[in-house]
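Observations on the model geometry
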Amino acid sequence: MPALVLLGAQWGDEGKGKATDLLGGSVDYVVRYQGGNNAGHTVVVGDQKYALHLLPSGILSPECTPVIGNGVVVDPSVLLSELSGLNERGVDTSKLLISGNAHIITPYNVTVDKVTERFLGKRKIGTTGRGIGPTYADKINRVGIRVQDLYDESILQQKVEAALDVKNQLLTKLYNRRAITADQVVEELLGYAEQIKPYVADTVLVLNQALEEDKVVLFEGGQGTLLDIDHGTYPFVTSSNPTAGGACTGSGVGPTKISRVIGILKAYTTRVGAGPFPTELFDEDGEALRRIGGERGVTTGRDRRCGWFDAVIARYATRVNGLTDFFLTKLDVLTGWEEIPVCVAYEIDGKRVEELPYSQTDFHHAKPIYETLPGWSEDITKAKSFSDLPKNAQNYVKALEEMSGAPISAIGVGPGRDETIEINSFL
Ligand code: IMP
């Protein structure tokens, strides 16, 4: 029962789509277990580039069944437009399965996300504005709307009315916005119901049966470890659990079934939105990483904040996820630097700290302690094996591996599907 979890080891945008896609051909199911259309995977197949926000990247491999698990929040209009966009480009999407227990991002959740951020002013989180947080808040408050509710009109009406009772008070009295009528929302949601119906399934049963039949199931995390609601840099986080445990709760597959947990690790660090980021660069090196790495959000179009590699974070990701391997991405972006600084520890209030501090205040005060590694200038995008890499690039990878606490089993040396060095097979 090979069940693998693939997740971001930093603040997201580590290049997970490429990693998932590398396994595509040998994987039977690719499952998203949390998040929604706040994610952004870019997958390059041949000369075609696909930007996916909600759909699992397995949708591009014809032999693979893509699954949206119960832990995901689904915006039906985004789902349908992403599907039709792929269909227009000749991609067959008919195998997609969506959990009936997944929660729906309603139009009022999107409104609440936007007005809350505006209301927070300079204390805002910098969310993607896609309604993610408010939808998870409704789920936890037990006033959420699930995919299955689309198929019982009277239940849907009652649930939308219940959710709007409180929200309209907030919208009109606090945020000075117009009230939203339940009938309008119900009508819009029912308009999506029939188109979504063929995909709705008991995904818990499907996935567990698949594992019993020895099928390969890949769980694909959105965002990243440091954006996890429990283990990330709260409150500057997303509202779900991208960490490995989330794969279980977000899919209904037990932890004893998971055989491998792979952390995707960028050879430097990026972050979007607000929140602490010890190795962030505000100089021309940061600008160069952004330019060469194409560090602009797939979902939001916002420039990503860029900085050097942070080994403290990588070690933390190894611990909270129980990582068995790393997939190091975008090593080619670092080509051309004479020397590359790597953060090995923090200085917090005059003391050297080796591990991520549990206190938010301490983390905000953390200053990076760097070790500098020699760089390389040779083009590495054609490298097929570890030994093809220049000595200094090999040493950079080895140093990161040693500091991060898990073996680096694959290295991305370019954006294309075949621009990857495999060291240990993931399967
Ligand atoms: P939300 O997920 O839209 O609520 O946004 C919360 C925080 O997570 C913000 O800082 C976002 O920029 C960040 N975020 C959400 N999705 C992603 C992602 O896929 N990559 C990187 N950052 C993300």
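Analysis parameters
Residues numbered from 1 in each chain as written. Predicted model: local features only at pLDDT ≥ 70, side-chain atom pairs only at ≥ 80, totals over all residues. Heavy atoms only, no water. Patch = residues over 30% accessible without salt bridge, like charges linked within 9 Å, V, L, I, M, F, W, Y side chains within 5 Å. Areas by Shrake-Rupley, 256 points an atom, 1.4 Å probe, with all protein chains shown as cover. Salt bridge = Lys/Arg side-chain N within 4 Å of Asp/Glu carboxyl O. Lys, Arg positive; Asp, Glu negative; His and termini not counted. Charge placed at Lys NZ, Arg CZ, Asp CG, Glu CD. Helix = DSSP H or I, 4+ residues; strand = E, 2+ residues; numbered from the N terminus. Polar contact = N/O pair within 3.5 Å; in protein donor to acceptor, adjacent residues only side chain to side chain. Phe/Tyr/Trp six-rings, centres within 6.5 Å; stacked < 30°, edge-to-face > 60°. Buried < 20%, exposed > 50% of the residue type's maximum accessible area, 1.4 Å probe, protein only. Domains from an automatic or database assignment. Buried area = accessible area lost by both parts, 1.4 Å probe. Nonpolar A, V, L, I, M, F, W, Y, C, P; charged D, E, K, R; others polar. Near = heavy atom within 4 Å. Core = buried A, V, L, I, M, F, W, Y, C linked by side-chain atoms within 4.5 Å. Contact = heavy atoms within 4.5 Å. Expected span 1.5 Å × (residues − 1). Axes fitted to C-alpha atoms, helices over the stretch in contact; angles between N-to-C directions. Parallel < 35°, antiparallel > 145°, perpendicular 65-115°, else oblique. Left-handed = near helix turned anticlockwise from the far one by under 90°. Pairing = 2+ DSSP bridges.

A look at a negative patch on the surface
A surface patch of negative charge is lined by Glu161, Asp165, Asp183, Glu187 and Glu188. Broken down by secondary-structure element, the contributors of at least two residues to the negative patch are α5 (153-174) and α6 (182-196). No other element matches the three residues that α6 contributes to the negative patch. Position of Glu188 relative to the elements: it lies in helix α6.

Details of the side chain of Glu419
Here Glu419 is to be found in the loop between β19 (408-412) and β20 (420-422). A distance of 2.8 Å separates the side chain of Glu419 from the backbone nitrogen of Gly416, its partner in a polar contact.

Some remarks on the packing of aromatic side chains
Tallying each qualifying case throughout the model produces six aromatic pairs. On the numbers, 6.2 Å between centres and 20° between planes, the contact of Phe327 with Phe426 is stacked. With Phe327 in strand β15 (residues 325-329) and Phe426 in the segment after β20, this pair connects stretches of sequence that are 99 residues apart. For Phe426, a relative accessible area of 3% gives the class buried.

Description of the domain arrangement of the protein
Split into domains, the protein comes out as domain 1 (3-86 + 204-422) and domain 2 (103-198). The centre of domain 1, based on its C-alpha atoms, is set 30 Å off from the matching centre of domain 2. Of the roughly 1800 Å² buried between domain 1 and domain 2, counting both surfaces, carbon and sulfur atoms make up 63%. Of all residues in domain 1, Val73, Pro76 and Leu80 give up the largest surface area on contact with domain 2, accounting jointly for 30% of the area buried on that side. Remark: the boundary between domain 1 and domain 2 carries zero salt bridges. Contributing elements (two or more residues each) for the side of domain 1 that touches domain 2: β6 (73-74) and α2 (76-88). It is α2 that provides the largest number of residues to the side of domain 1 that touches domain 2, a total of four residues. The residue makeup of the side of domain 1 that touches domain 2, split by class, is ten nonpolar, 14 polar and two charged.

Quick word on the site of the ligand
Surrounding the ligand, one finds 16 residues, the nearest of these being Asp13, Asn38, Thr128, Thr238 and Val272. The side chain of Gln223 places a nitrogen or oxygen atom 3.2 Å from a nitrogen atom of the ligand. Between the ligand and Arg302 there is a distance of 3.2 Å, counted from an oxygen atom to a side-chain nitrogen or oxygen. Taken by itself the ligand offers 470 Å² of open surface, and the protein chains cover 97% of this. When the residues that make up the shell around the ligand are grouped by side-chain class, the tally is six nonpolar, eight polar and two charged. Taken domain by domain, the makeup of the shell around the ligand includes at least three residues from each of domain 1 (3-86 + 204-422) and domain 2 (103-198).

Overview of the nonpolar core
Phe219, Leu289, Leu331, Leu334, Leu389 and Tyr396 are the most contacted members of the largest nonpolar core, which has 59 residues in total. Element by element, the count of residues in this core is highest for helix α12 (residues 391-404), at six residues. Not counting residues up to four positions away in its chain, the partners in contact with Leu289 are Tyr268, Leu281, Gly294, Glu295, Cys306, Gly307, Trp308, Val333, Leu334 and Trp337. Among the nonpolar cores identified, the runner-up in size contains 39 residues, and Leu83, Ile104, Leu164 and Ala182 belong to it.

Some details on α6
Compared with the 21 Å implied by 1.5 Å per residue over 15 residues, the 21 Å span of α6 between its first and last C-alpha is a close match. Looking at the buried residues of α6, the elements they touch are α2, β7 (97-99), β8 (103-104), α3 (107-120), α5 and β9 (200-201).

Here's the deal with the packing of α2 against α6
Contact geometry of α2 with α6 gives a least axis separation of 10 Å together with a crossing angle of 40°. Compared by their axis directions, α2 and α6 come out oblique. Classified by chirality, the crossing of α6 by α2 is left-handed. Residue-level inspection shows Pro76, Ser77, Leu79 and Leu80 of α2 in contact with α6, the latter providing Leu189, Tyr192, Gln195 and Ile196. Class assignment of the residues belonging to the contact of α2 with α6 gives a composition of six nonpolar, two polar and no charged.

So, the pairing of strand β1 (residues 3-8)
Burial of β1 is extensive: six of the six residues sit out of reach of the surface. Judged by which residues are buried, β1 turns out to be covered on both faces: Ala3, Val5 and Leu7 on one side and Leu4, Leu6 and Gly8 on the other are all buried. With six bridges joining them, β1 and strand β11 (residues 258-266) adopt parallel strand pairing. In the sheet register, Leu4 faces β11, and the bridge partner there is Arg260.

Some remarks on the side chain of Arg305
Relative to the helices and strands, Arg305 is located in strand β13 (residues 305-307). For Arg305, a relative accessible area of 19% translates into the label buried. Within the structure, Arg305 has its side chain in polar contact with the backbone oxygen of Gly273 (distance 2.7 Å). A distance of 2.9 Å separates the side chain of Arg305 from the backbone oxygen of Gly275, its partner in a polar contact. Beyond its immediate sequence surroundings of up to four residues, Arg305 is in contact with Thr269, Thr270, Arg271, Gly273, Ala274, Gly275, Phe277, Glu280 and Arg290.

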